[in-house]
Structure formats: C-alpha cells, structure tokens
Number of protein chains: 4
Amino acid sequence: MHRLTGLAPTVALHIPWDKVDDYAALASYAVEQGVRLGTVNSNTFQDDDYKLGSLAHLDPKVRQKAIDHHFECIDVMAATGSRDLKIWLADGSNYPGQTDLRGRQDRLAESLATIYGRLGEEQRLVLEYKFFEPAFYHTDVPDWGTSYAQVAALGERAMVCLDTGHHAPGTNIEFIVMQLLRLGRLGSFDFNSRFYADDDLIVGAADPFQLFRILFEVIRGGGYGPANPDGHSDVAFMLDQCHNIEDKIPGQIRSVLNVQEMTARALLVDREALDAAQSAGDVLGAHGVLMDAFYTDVRADLAAWREERGLPADPMRAYAESGYQAQIEAARVGGTQLSWN
Amino acid sequence: MHRLTGLAPTVALHIPWDKVDDYAALASYAVEQGVRLGTVNSNTFQDDDYKLGSLAHLDPKVRQKAIDHHFECIDVMAATGSRDLKIWLADGSNYPGQTDLRGRQDRLAESLATIYGRLGEEQRLVLEYKFFEPAFYHTDVPDWGTSYAQVAALGERAMVCLDTGHHAPGTNIEFIVMQLLRLGRLGSFDFNSRFYADDDLIVGAADPFQLFRILFEVIRGGGYGPANPDGHSDVAFMLDQCHNIEDKIPGQIRSVLNVQEMTARALLVDREALDAAQSAGDVLGAHGVLMDAFYTDVRADLAAWREERGLPADPMRAYAESGYQAQIEAARVGGTQLSWN
Amino acid sequence: MHRLTGLAPTVALHIPWDKVDDYAALASYAVEQGVRLGTVNSNTFQDDDYKLGSLAHLDPKVRQKAIDHHFECIDVMAATGSRDLKIWLADGSNYPGQTDLRGRQDRLAESLATIYGRLGEEQRLVLEYKFFEPAFYHTDVPDWGTSYAQVAALGERAMVCLDTGHHAPGTNIEFIVMQLLRLGRLGSFDFNSRFYADDDLIVGAADPFQLFRILFEVIRGGGYGPANPDGHSDVAFMLDQCHNIEDKIPGQIRSVLNVQEMTARALLVDREALDAAQSAGDVLGAHGVLMDAFYTDVRADLAAWREERGLPADPMRAYAESGYQAQIEAARVGGTQLSWN
Amino acid sequence: MHRLTGLAPTVALHIPWDKVDDYAALASYAVEQGVRLGTVNSNTFQDDDYKLGSLAHLDPKVRQKAIDHHFECIDVMAATGSRDLKIWLADGSNYPGQTDLRGRQDRLAESLATIYGRLGEEQRLVLEYKFFEPAFYHTDVPDWGTSYAQVAALGERAMVCLDTGHHAPGTNIEFIVMQLLRLGRLGSFDFNSRFYADDDLIVGAADPFQLFRILFEVIRGGGYGPANPDGHSDVAFMLDQCHNIEDKIPGQIRSVLNVQEMTARALLVDREALDAAQSAGDVLGAHGVLMDAFYTDVRADLAAWREERGLPADPMRAYAESGYQAQIEAARVGGTQLSWN
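Residues numbered from 1 in each chain as written. Chains lettered and ligands numbered in written order. Predicted model: local features only at pLDDT ≥ 70, side-chain atom pairs only at ≥ 80, totals over all residues. Heavy atoms only, no water.

Considering the packing of helix α8 (residues 248–267) of chain B against helix α12 (residues 315–322) of chain B
Residues and elements named next belong to chain B.
- Running from amino to carboxyl end, α8 crosses α12 at an angle of 165 degrees, the nearest separation of the two axes being 10 Å. As the angle between them shows, α8 and α12 are arranged roughly antiparallel. Where α8 crosses over α12, the handedness of that crossing is right-handed. Together, I249, P250, I253, R254 and L257 of α8 and P315, M316 and Y319 of α12 make up the contact between the two elements.
- A class-by-class count of the residues in the contact of α8 with α12 yields seven nonpolar, no polar and one charged. (Axes fitted to C-alpha atoms, helices over the stretch in contact; angles between N-to-C directions. Helix = DSSP H or I, 4+ residues; strand = E, 2+ residues; numbered from the N terminus. Parallel < 35°, antiparallel > 145°, perpendicular 65-115°, else oblique. Left-handed = near helix turned anticlockwise from the far one by under 90°. Contact = heavy atoms within 4.5 Å. Nonpolar A, V, L, I, M, F, W, Y, C, P; charged D, E, K, R; others polar.)

What follows is the structure, given as structure tokens:
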C-alpha cells in the first residue's frame, strides 16, 4: 500500500498478535520493505483473566499480570525503536452495581503510573478512550476528559489517543482535537468512519466533511509538525479499521488516499480570508471560505503529485491491475493498524 | 415549597433577572421566610451584544462587558453572602468556519482568569458545560473535560457544574459525578430530567434509575457532606427545570421529593454486601444488591419523617388543598433555580 | 432570492401568520413578483387552548376548533390555488402517564379523516412527523411509520412530509426517502441541517454528503418529476430553516444554491457504472462511483448555467453588492418556508 | 428456569443451531420437561453466501437459497407445532453506493411473499427490524415502519417483531408498542436491555422505568390476552439476550422475574384514577398515578404467589443453592431465546 501511494510509511505492532522472536530483525525487514515499525499496542482484552478488567481489576494478581504485559511491550519498543505505547482497555462493566466505579479509577491510575515509570526517556504512553463497548454500562476510560485527567497525572510524556469512532452521537470531534492540541496532549489518532457505533469503516466514507473539519483543526493546531529530528511528528496517525466485506488492501489504499485528499482540501483553506470574515462577524462569509476549500476537487493535482514521484496516478486501479491477490479477511476484533506521519 | 417539604432551603439568584436595589435586605427577607440566598448565576445570553459570544468573543470590548457583568455578580455575592458564582455560557457557533475554535478557548481562559482573580477567599467560580444549544455546531464548554481543563487552570476554588440534561445521548452521568468528586472539582448540580435534549423536566421523571445511580455516586464520593461550618456542603444541589405545562410550585415539590426519595433509596444500599459481591466477582449478586435498594418503597417512611417534623405527610396534597394559587407560568428560558444542601 | 438564483419559484403560506384579506390579490401579487403561492401550513401550536394538544386533544371542543382552523386553511388554498395542506402538530406530552397514547392516536385519525374529507379533488393533505419537541416525552406523530400509517388510512391524496431535521440521531434519512417514494407517499420535503436536534440550519451546512445521498435517492425514485401539467412535481421541496445569527436572505440564497449544487452532483453519478459494480459485488468500486460524483466540483458549470439565463454568476456576491438591506431577524419559531419544484 | 419461576414455558428454536433429526421427538421431550417449543427463528447471516444479503440479495440464486432455508423452517414448524416463523435479516450495506436501496426493498418484498405463501393457515410470519448492525450504513429493515409496510403488503398473518434493543437512541419504544397493537401487527417481543446499542443485557437492568412503560402499553393494548384456544396469546414474548460475563441460567431467571415484577407493577396502575386525572388535564396528577404503581414494591407478594404454587420464594437463591452447574458460555451471536405467554 505504501508502495502505491507513497503514504503511511509506518506499521504499528499489536502484542501478542505480532509477536516474533527477533524484533530487531523484524525492524530491519520493515526497513528493507520501505516502511518502519511504529506504535506498539498492548492487548488486555483477549485473555479470560481479564473478563472483569485488567489494569483496573480488583484483584492485584490480575492487575500485575496486565502490568507485566505492558512491561513486555516496552521491551518490544526498545527492540524496535518504537516511540509510543498505546493502551486501549476493555475494562468496564455491564451492570450497575457490578463494580465500584471510583475504586477502578484509582487502581487504573496506580497501574498506569507503574507502567509510565518503566518508560524510557524518549518513549510515550498514549491512553485511548472509548465511549462504549465491549463493556455496555460503563467503560473505565469513556471520554477524552478521563483520558486527559489520567495522563495529566502521569507526566509530560503521557498523551491521549483519539479514535474517531469512539464518541457519543453528535459529539463535535474536531473540538476535541483542538482542545487536546491546545493542552499539548494529543498523542495519536486512530482513523476510521462510523455511522452509529464503532463501525470501523474506511476513513472518510461516512462523513467526509467531518474528516475535513478534523484535519483542518489538526493543521491549525500544529498536529502535522514540524517533524521531530527522528522523522516523527508529535502526533501519530493510524488507521484502525475493519474490512469485513471489502478487500483489505484496497480498503486501506482508499483510506490513506481519503486522508491525503482531505488534508489537501484543508490546506487550501484561505486562512487570511477566513480570519478577515471571522473578525468582521461575517458568519456566512467565514463559513463560505471553509466550504470553498472543501468543495475544491484536488484529485487531479494529487494524481500529478504521485506521477512526479514515480507512483501510479490511480493507486486503486494500479492495485487492481497488479494481480496481487491479497485475500486477507480481517476479523473485526483484529482490525489492523497502519500509521503515517 | 420549603415549608411543605422541609427541603431546599436555599434560593439561587439570577442576575439581572433577580436584580434588586438592596441585596442585604433581600437576604434578610429570605431568612424571614425560612430560606437563604445561594448561588448567583450570571447571564450573558440575552443581550444582543453577545450574539456571537461573551467571555470568548473576538472583540475585546464585548469580552470586557461580559467580565464587568461578572464583577457585578461578585458584588452581589458579597452583599448576599453567596459562596458560588455559577457561569453558564451560551458561547459557541452555528456553522463550521464561523469562528476559530482554538482562539475562543484561549480567550475564554483569559476572561475566566480575570473573573477568578476578583473572587473573595471564600468564594468559588463554578463553570457549567452544555453539549449543545443554543449554539448548534459547537459550544465553547461542551463537556466536563473542557470545564475541568479550564477550572483546573484557574485554581482550587474553581469548580465544575454538572447539569443532568447537558450530555450526549447514552452518556453515563454517574461516571462523571464519580470522576469530578474524585478530582475534587464537583462544585454544583443542576437537576432536571431529559428524554432527548435539554428537556428540563421534573427531576426523576424520565429515568428514575439513573437518578438513583447518580445519587449513589454522590453519597459514595462524599458529595453530601460533611457540611462545612457555614452549613453548606461542598456540592451545591439545584433544580434547573422548566414547568411548561404543569404548575410550577407542585412541579418543584414533586422534584425535591423525588430527589429525597431517591437519596433514601441510595442510602439503603447495603454497602457491605455490595463490596462482598463485587470482591467475589459475583456480577448478578452485586447488581442485585443495588437493585434491592432501588426497588424498596421508601415513601411511607419519608411521610413519617415529615410528620415527626410537623410537616404534611403528603406535601403534594397539602399544597393542592392549601388554596394557594401560584399560577406562575415559567417560560423555558426563565427556568428558575432552587437549591438545597 | 428567486431573482438572483432562478430557483425556488414558490412561496409557502403559514396560517395565521400570513393571513390577508384578499388571497386572490396576494396570488396575483406573487405572480407579478415572479413567484407563485405554494403549500399552506396550518398552525395549532400557538393558541393556549392547544397546550395539551389539538387534533388529538381529549376535549372535543378543542379538537373541533383545530379542525375548523384546517377548514379555514382549505378555504385559503381554494383562493390561492395551492395544492397542499401541510400539517405539523405540536401534539404530545411531557410526562409518562400525562395522557393516553392510544386514545390520542385514535382521535388524531378521526380528526384527520374529517379534514381530508373537506379537501378538493386536486388537493392533498401532507402530514409531517417529528421525533421530539416541543413535547419531550412523546409526540403524536414521531416517525415516518406513524405518519405513513395515518395517511394510508385516509386515501390516495394523503402524503407524508419529511423534514430532514426531525429524526433520531443516526437515522438513515435517504432510506426513508427511498421507502416513501416506493410507497408513493412522499408528499413534501422540509430542508435544513442539523448537528443534533431540530437545528434548522442552512441546508447542506452540517453534512453535505448526507444531502447528496438524499438527493440521489430523490432522483433515483422519481421525486423530481416528471412535472405535472400544472408545473408542480409530485414532491414539494421547501426550506424550513431559522436564521438566528446570519442574515436571512443570503442564508436562503446559500441554501437553494447548496441544494442545486448537490442535485447537480447527484445527477453526475454514472448510473451504468454503478449498476455494473453493484452487480459484480464490487463494494469499493460501487462506493467509488458514488464518491466520484460527490467530489466533482460543479460550481463553475452552475455559474455558467446562471449566466446563460441572465442571472448573476455569483448570487451571494450579487446580493451583497445590491445594497438591499434585508435585516429581517427570524425568530426561531417563525422560520419561514420557501419552496421550489 | 421454568421450574424455579413457573414462567417462560416455551422454548424458541433457531435453525440451523437447533437442528435435530426428529422434531416430533424433540417436541415430546419438551413436553416431558414441562415446556413447549415455540417460535422458529431462521438464520441467513452465518453462511458466507449471504455476505452481501439474503432475501434481498441481487443474485436470484442466493435469494432462492435463503427462501429454501425458510421453507425448511416451515417444515420444522409443522413438525413441532410452532405458530411463528420469525425472520431477522442481517441484510444491509456498509458503504453508500454499495447497493441499490430501492431494488433491495423490492426484492425483499418478493422473497417475503414467496415465503408467506408457503405458510399454513395457523402459521404466522413475524418480521423483525433492527436499526443498525451488522450492516453499518443501512439495514434493509431498519425500523418498525419498514417492517409494517412490508408485512401489511403480505396479509393478515404477517406481523412485526419488536426487539427492545433495536432502536435509535431516544426512541419512545412504548409508543411503537401502542401503535403496533393498534394496527393489529405486534407479533412478538424480543426482550433485553441496552444502554447504547444492541447490548442484549438482562431485561430491566438498564432502564426499569422504560420496561414498566412498555408493559403498561402491552396491557393497555390487549397484548397479554385473551389467550387463544391453543393457549397462546397473540403476542409472543421472548428473551433475546447475551450473558457474556454473568452465568446464563441465573441471568435468565433474573430476566423473567424482572418482567413479572414489572408486569405486576403495570397491573397496579389505577386506571380509573389515571383516566380521571387525564380528563381533568391534571398533568402532575396523572403522572403521579403512574409513578405510584411503579414505586410500589411487589416483590413480597410475588414471592407469596410462588410459594402458593410450590415454587421457591427466591428463585435466584434456589438456583444458587441447587448446585446445578450450568456453565454455559453464550457467545454473543448465539444469544439464546426463551419465550413465555
């Protein structure tokens, strides 16, 4: 996919799904293939021990097991040179009364502090929030506020991960992007689309205008850079999708193209004209400046950009014509992640 | 209403709706009537100057006007002995591009800091959040996370106000109650009921079980006390309702009785049995302990409690039979507030 | 607005807001101004008698009063030559138990039958549904299913009105458009945008892609024509918006241009390629055909279309430069309606 | 479970999960165990052929396969003496453009008509609707309106199934119960609880007051009887839950007890007083009559009812003490169904 688009040069790992014996060799192999290894994702939702929680579990033995798993992830990060440890927790409850909401929050804070203490100087902890599911009554990190409060208590290298599918209906996601960038706590993005719940569809498929607004705030808030000396920007951008009925690789090609096209549109916003209209209190005028950029067709220019770089003008067609039969059926729970910076 | 129920001994003021010439006299009159003056609410949503914002407005003149209004409220607080300045802002926008989300947040922070600096040692600033409305695209304080981030930057006497109707559908409100109490930032409650939006119905009318869960977390988190030496607890409890089709006074009697009854049920939870079931991982057992309290009929005991205090056993009937013709038609925007501690 | 865009040649009336002594004279005046009078809207939500309902009220006197009002509207229709009587009801309740849901539905059916019986041969009754508001617990016509069941019981000239803002969050509105066209019951559209509730923003402002999908189903289902001999198509298209913070006339110009632009994009869908991809089970390919049309910039072509007709290429600028000072402040409840066919 | 509660005497079958060689023998075995076989559920969502649809699929071969499966289910019904064929379809799409919404609706109508034509005189077809999932962009039967329009076109023995978890947030479910009973089309209920999506929790666990209101409308609309000569009432009541973290059998005992307790409360509503208050326009009074019944504690009376019948007073405890180790882990997709009448 990177070969056809020139985008998404980083591959996130998921432990234990992507466990190998030699991570240094894996990193070298990635470089040979033209990509790098990126964020390491922990997993505390498949083991039966975690049925009633992991880092927030009442039983100290289960918590320690979950903490040890994160220590193992940090070891992997050291071997692969990954910067970010991303934590998404399935912790929560299904029934009121099942558990003590407050106690869980305190235990979560303690477990996170222990993990954070193990991180190297250049490493970061990124805590993802999710409105609901798999727990139905409450999740222990349901919103950006909780994630922010938890990571702010840890230290400067603890950040929030925003997954675009993890909010209540009607939530203004670009506002949260703005706020987290303002607070210096936007660590990473999981991109996907949703109509109702955590649908994990191709990014940009459900509400392209929302994607545009999100990327406009990313740009406005400095989320795209300047890149650090090591080639990473401060925010890691990942896909977190499931391709249930469409093929996975073209689904991901489509996704990164959608993000690229929307980024191009967001960059086209005439910021000077926008400021002028906003300052004049010209509601329709300011709105119109934004919409002008959104309605501009950038596809031909991006095709030209690709051709200049020796990439196919139409990556979707190039893939279809390549004969490469990637019949990978991604089960929902195993949605893979790709990242680019 | 206080006379018939023995509850809700405090009356919140709304400036400028409740403006008088002599606030000391008003406070005395309140005491004569058996109640006290409580929270002072500012209002920056009726003046036409605020059409595009108040504390977050781009124009420094409008911001200063809004700040001056809050200074005036602080003067009223000094005269009435009120502890809390409650700020709910209508600031926001209707159209993407209309305004700069980030700039507004920064200006809001600055305005709040100026107001906070004027508060007396015993006074608090309480910032309310609201998911949507009157602005439709974005509100400047849409969620508890934003309110928390803003007040945490101000200082220890800046708190969050939780209005039960100001959340996205499906939001677990008791979780937020727990979190704000845990963070020491739950300043006050606006009680009401909603089915869909900010319906401002009688508290407990739409989802009594949710009210029960909220009050259980209030108790569990220490929200009811211990009361301070001055008779206030740390959290101020207010009604913020509109009585469009029912009479206002019986509507409020019904509301405070609902809160009292639910508090009684929440106090009946067998905390020891709950802890035991939770510790044993007995999901249904723990849920059952909670439900047992919820399904207990406390009404006869509370009627007896009232009679012991010389209050009518059935305040709703007592009011109906009193002949007191309170035909106050509350317009929606003018929903009154009553508080009790 | 019609003069600047060549669109929206019909003006809907709202009784009693638009009451005049001589409707024939009003109709002539409209023709002189280059427009026609269209749908007549009844109003049973402002009179205090209707506080607990109108056509569904328990009291036969109130029901008769509401029926008589609709008879009056039918008289207006005869005088103006209007085809459609549009009924939106504020009927509902705020509290469970307040009213008998079933009895109201039966009385509503009876009242509607009485009104329907008074219609002329060429006239239609169009029943609008609304998910919530002003009633908060239940509305008597909350969804398209109820409106459909009610009008199907009346006869062939009873239709459903779809207001794009009157659905639960997450509702697939284009599906309902498709279904109502399939059932032959889509009478009219009220266009606007919403982020959360019945926001009544400029159509296309909140989710342009949704507007595109809706208009694609309108075209696919024959909603745009063929026009009847009298110049009307079977579906009446109206704006139902409130312009609270922006000027009303440019807000409406922007709205009709948005609908025109989206219609153009929807007409650009390569239906043959779409059918082929769908038949082949090519999920991404079929989706791509639709998106290609959506992402095509049609604005220059539509500007040329306007210039060919002697209209300004940029109606928004032409209005701004016209010096026409329409400082009409539309109160929310008084959102005006314009229609085009 | 039936032995401990005296409730839920019918077991629904799911084909092919519950396939046996001899259905007559299965029915006899059920009778020996004190229960009967009830509704037969078809399944067209597991076979890979149905990835893009079943009864609405574009390919006539796939449609015929799905129709044949339903013919097989009807054969099972003949052997077991079941009355209802319940159809829930996973048909839908994930991406706009993926499929033709209208064509699918027409093909669905045709397939259903074919299946309906095969039913015996005493048999019924019951069509379930679901707001979203597993398809994310559209489902072919998303709401009661679509199910109603489809079954009304089939004939008198075609009905709607209402699953309490299959609605958009904020939907007034008891209104739909009322409407379907009014229209004579409420065929069956799938009971469960949800906080956000199709959570499939224990019925009554998330919003007991909603369950109360639903059961009040069931009673008011005649949904509980009079029972037919064959012992069935017209509406079939089933559980459709998943017990992911709690044990399944006690989860189901808790569920049927919750329905029984709520039915008892709903029967306690003083209908005469309610009518009087409603007729007088006494909003708070009428609401109060309803709430009085809801807040009445019926548990002791129901325990006595059980003891009179030789059943354990506390079925949950009786089960716990029975030593019966039912460690059935119900996978989500395989949530079992139990029914009672």
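Details of the interface of chain C and chain A
- Of the residues lining the interface, 29 residues belong to chain C; the matching set on chain A comes to 29 residues.
- Around 2200 Å² of area is buried between chain C and chain A when both sides are counted, 65% of it from carbon and sulfur atoms.
- Taken as a group, C:L284, C:Y295 and C:R299 account for 30% of the area that chain C buries against chain A, more than any other trio of residues on that side.
- If you look at where chain C meets chain A, you find two salt bridges.
- Of the charged contacts, one joins A:R299 and C:D292 as a salt bridge, the two residues approaching to 2.8 Å between their closest N and O atoms.
- Taken together, the links from chain C to chain A amount to two residue pairs in polar contact (both at pLDDT 80 or more).
- If you list the elements that add at least two residues to the side of chain C that touches chain A, you get α7 (208–220), α8 (248–267) and α10 (283–294) of chain C.
- For the side of chain C that touches chain A, the element with the most residues is α10(C), which contributes six residues. (Buried area = accessible area lost by both parts, 1.4 Å probe. Salt bridge = Lys/Arg side-chain N within 4 Å of Asp/Glu carboxyl O. Polar contact = N/O pair within 3.5 Å; in protein donor to acceptor, adjacent residues only side chain to side chain.)

As for the pattern of salt bridges
- This model, assessed by the stated rule, comprises 80 salt bridges over all chains.
- A salt bridge links D:R124 to D:D84, with the nearest nitrogen and oxygen atoms 2.8 Å apart. On the criterion of sequence distance, the pair formed by D:R124 in strand β5 (residues 124–128) and D:D84 in strand β3 (residues 84–87) is long-range, its members being 40 residues apart.
- The exposure class of D:R124 is buried, given its relative accessible area of 8%.
- Residue D:D84 is classed as buried on the basis of its relative accessible area, which comes to 3%.
- One network of salt bridges, in which partners are shared, links A:D47, A:D49 and A:K65. (Buried < 20%, exposed > 50% of the residue type's maximum accessible area, 1.4 Å probe, protein only.)

Some words on the relation of the copies chain A and chain B
- For the match of chain A to chain B, the screw axis carries a shift of 0.0 Å, the RMSD comes to 0.0 Å, and the turn is 180 degrees. Classification of the inter-copy transformation places it as that of a two-fold axis. Using C-alpha coordinates, one finds that chain A approaches the rotation axis most closely at A:G145, a distance of 2.0 Å.
- In this assembly the copies share their binding face: 100% of the residues contributing to the interface of chain A also contribute to that of chain B. (Least-squares fit on C-alpha atoms with pLDDT ≥ 70 in both.)

Section: the confidence of the model for chain A
Residues and elements named next belong to chain A.
- Here chain A averages 92 in pLDDT, while 93% of its residues score no lower than 70.
- Note on residues 326–334: pLDDT is under 50 here. Beyond four places in sequence and across chains, it has 19 contacts.
- Reported for the predicted complex are a pTM of 0.95 and an ipTM of 0.94. (pLDDT = per-residue confidence, 0-100.)

Details of the relation of the copies chain C and chain A
- Of the transformation placing chain C onto chain A, the axial shift is 0.0 Å and the rotation is 180 degrees, giving an RMSD of 0.0 Å.
- A symmetric contact is evident, with 100% of the interface residues of chain C recurring at the interface of chain A.

Some remarks on the side chain of B:S93
Residue and element names in this part refer to chain B.
- Within the secondary structure layout, S93 lies in strand β4 (residues 92–93).
- Assessed through its relative accessible area of 2%, S93 is described here as buried.
- Beyond its immediate sequence surroundings of up to four residues, S93 is in contact with Q98, T99, A135, F136, Y137 and H138.

A closer look at unusual backbone geometry
- In this structure, the amide linkage connecting C:I15 to the following residue, C:P16, adopts the cis form with an omega of 20 degrees.
- With an omega dihedral of 5 degrees, the bond running from D:E133 to D:P134 counts as a cis peptide bond.
- Take D:P134: it is sitting in the loop between β5 and β6 (138–139).
- Despite not being glycine, A:D200 has its phi angle at roughly 55 degrees, a positive value.

Some thoughts on the interface of chain A and chain B
- Across the boundary between the two partners, chain A contributes 52 residues, which contact 52 residues of chain B.
- Broken down residue by residue, the surface that chain A buries against chain B is led by A:R102, A:F175 and A:R182, which jointly contribute 16%.
- Where B:D106 meets A:R182, a salt bridge forms, and the shortest distance between an N and an O atom there is 2.7 Å.
- Summed over the shared surface of chain A and chain B, the number is 20 residue pairs in polar contact (both at pLDDT 80 or more).
- Among the residues forming the side of chain A that touches chain B, the class breakdown is 23 nonpolar, 19 polar and ten charged.

Details of the packing of aromatic side chains
- Under the criterion given, the structure shown has 70 aromatic pairs over all chains.
- Ring centres of B:W144 and B:Y148 lie 6.0 Å apart, and the angle between their planes is 50 degrees; this geometry places the pair in the tilted category. Of this pair, B:W144 and B:Y148 both sit in helix α5 (residues 144–152), separated by four residues, roughly a single helical turn. The same class applies to B:W144 and to B:Y148, which are both buried.
- Each residue in the set A:F131, A:F132, A:F136, A:Y196, D:F131, D:F132, D:F136 and D:Y196 is aromatic and connected to the rest through ring pairs, giving one cluster.
- Positioned above the aromatic ring of A:Y50, the side-chain terminus of A:K65 is 5.6 Å from the ring centre. (Phe/Tyr/Trp six-rings, centres within 6.5 Å; stacked < 30°, edge-to-face > 60°. Lys NZ or Arg CZ within 6 Å of the ring centre and 35° of its normal.)

Observations concerning the state of the cysteines
All names here are of chain B.
- Tallied over the entire structure, the rule returns zero disulfides over all chains.
- For C161, which is in no disulfide, the shortest distance to another cysteine sulfur is to C73 and amounts to 15 Å.
- Here C242 stays free of any disulfide, with the sulfur of C161 as its closest cysteine sulfur at 15 Å. (Disulfide = S-S within 2.5 Å.)

Quick look at the nonpolar core
- Formed by 394 residues in total, the largest nonpolar core has its most connected members in A:F189, B:F189, C:F189 and D:F189.
- If we skip the residues at most four places from it in the chain, B:F189 touches B:L162, B:T164, B:V177, B:I214, B:V218, B:V235, B:A236, B:F237 and B:M238. (Core = buried A, V, L, I, M, F, W, Y, C linked by side-chain atoms within 4.5 Å.)

Quick word on the pairing of strand β3 (residues 84–87) of chain C
All names here are of chain C.
- Neither face of β3 is left uncovered, since the one carrying D84 and K86 and the one carrying L85 and I87 both have all their residues buried.
- Bridge count for strand β2 (residues 36–41) against β3 is two bridges, and the pairing is parallel. Across the sheet, residue V40 finds its bridge partner in β3, namely L85.
- Assessed by its sense of winding, the connection that carries the chain from β2 through helix α3 (residues 60–80) to β3 is right-handed.
- Note that β3 and strand β5 (residues 124–128) share four bridges and pair parallel. The partner of I87 across the bridge, within β5, is L127. (Pairing = 2+ DSSP bridges. Right-handed = clockwise from strand over helix to strand, strands pointing away.)

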